[in-house]
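Structural description and commentary
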Amino acid sequence: IWPMDIIQGLSMICNDRDSYMKTETNFHYTVFWDGECELCAYFAGWINKRIVLPTEIKAYQKTSNPPMDKELALACSKALHVLHPDDYIERGGYACLTILKLIGYKRTATLLRLPPFIIVVEFIYKLISKNRRIFSRLLLYNKSKYQWPF
């Protein structure tokens, strides 16, 4: 079963970005990030500047119910989430790969979803998300170099 996953993934990678853009433009995605996290705010702004498909980028604290309920809010405080047009919700590394796809890197995102790459993606995401404050200090040491996006 695993070799078939690789073959399917590689065949999906062969699709070019232009055909993807033509088929996906009618959909609307929503990205939920932690509005109290400096690192999250920086990357939300980075995503907002690069996104090519219709996508709403919201701090989960400023999102109404529905779609935000107590359970989703608790989950959003711990990880990035993406709400798909069909109401499917992804979190963590998978959500980052969906964002990568929405930015225009479909081939890379598809490849990274395959085993064993997804294991590495999830590990790196969990490492960064659990140590957000440390990474904020290391990566964003000079706040004058960037502007708050929201």
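See the structure shown above.
This write-up is about the structure you can find in this document.

Conventions adopted
Residues numbered from 1 in each chain as written. Predicted model: local features only at pLDDT ≥ 70, side-chain atom pairs only at ≥ 80, totals over all residues. Heavy atoms only, no water. Phe/Tyr/Trp six-rings, centres within 6.5 Å; stacked < 30°, edge-to-face > 60°. Axes fitted to C-alpha atoms, helices over the stretch in contact; angles between N-to-C directions. Helix = DSSP H or I, 4+ residues; strand = E, 2+ residues; numbered from the N terminus. Parallel < 35°, antiparallel > 145°, perpendicular 65-115°, else oblique. Contact = heavy atoms within 4.5 Å. Buried < 20%, exposed > 50% of the residue type's maximum accessible area, 1.4 Å probe, protein only. Expected span 1.5 Å × (residues − 1). Pairing = 2+ DSSP bridges. Right-handed = clockwise from strand over helix to strand, strands pointing away.

1. Digging into the packing of aromatic side chains
- Summed over the entire model, instances satisfying the criterion amount to 1 aromatic pair.
- Their ring planes at 80 degrees and their centres at 5.3 Å tell us that tyrosine 42 and phenylalanine 43 sit as a pair that is edge-to-face.

2. A short note on the packing of helix 5 (residues 92-103) against helix 7 (residues 117-130)
- At a closest axis distance of 8 Å, the pairing of helix 5 and helix 7 adopts a crossing angle of 105 degrees. As far as their axial angle goes, helix 7 and helix 5 are roughly perpendicular. Counted together, Gly92, Gly93, Tyr94, Cys96 and Leu97 of helix 5 and Ile118, Val121, Glu122 and Tyr125 of helix 7 form the full contact between these two elements.

3. Concerning unusual backbone geometry
- Proline 66 connects to proline 67 through a cis peptide bond whose omega is 5 degrees.
- Take proline 67: it is sitting in the loop between strand 2 (55-59) and helix 4 (70-76).
- The linkage connecting proline 115 with the following residue, proline 116, adopts the cis geometry, with an omega of 5 degrees.
- Here proline 116 lies in the loop between helix 6 (106-112) and helix 7.

4. Examining the side chain of threonine 55
- With respect to the helices and strands, the residue threonine 55 is situated in strand 2.
- A relative accessible area of 17% places threonine 55 in the buried class.
- Apart from the residues within four sequence positions on either side, threonine 55 is in contact with His28, Tyr29, Val31 and Leu102.

5. What to know about helix 7
- Under the 1.5 Å per step criterion, the end-to-end length of helix 7 is 20 Å for 14 residues, consistent within 8% with the ideal 20 Å.
- Summarising the contacts, the buried residues of helix 7 are in contact with strand 4 (89-91), helix 5, helix 6 and helix 8 (132-139).

6. Considering the environment of glycine 92
- Here glycine 92 is to be found in helix 5.
- Its relative accessible area of 4% is what places glycine 92 among the buried residues.
- Separated by 11 residues in the primary sequence, glycine 92 and histidine 81 place their C-alpha atoms 6.6 Å from one another.
- Each residue touching glycine 92, except ones within four places of it in the same chain, is listed here: Ala79, Leu80, Glu122 and Tyr125.

7. Things to note about the pairing of strand 1 (residues 29-33)
- The element strand 1 is largely enclosed, with a buried count of 5 among its 5 residues.
- By the alternation rule, side chains of strand 1 split into Tyr29, Val31 and Trp33 and Thr30 and Phe32, which are all buried.
- When strand 1 meets strand 2, the two strands line up parallel, connected through 5 bridges. Among the inter-strand pairings, threonine 30 is bridged to a residue of strand 2, identified as glutamate 56.
- Note on the crossover from strand 1 through helix 3 (residues 38-50) to strand 2: the handedness is right-handed.

8. Focus on the sheet that holds strand 3 (residues 81-83)
- Overall, mixed pairing links the 4 strands, which are arranged 2-1-3-4 in an open sheet. Unpaired on one side and paired on the other, strand 2 and strand 4 mark the two borders of the sheet. Averaged over all adjacent pairs, the angle separating strand axes in this sheet is 20 degrees, with direction ignored.
- The sheet contact formed by strand 3 and strand 4 spans 3 bridges and is antiparallel. Opposite histidine 81, over in strand 4, you have arginine 91 as the bridge partner.

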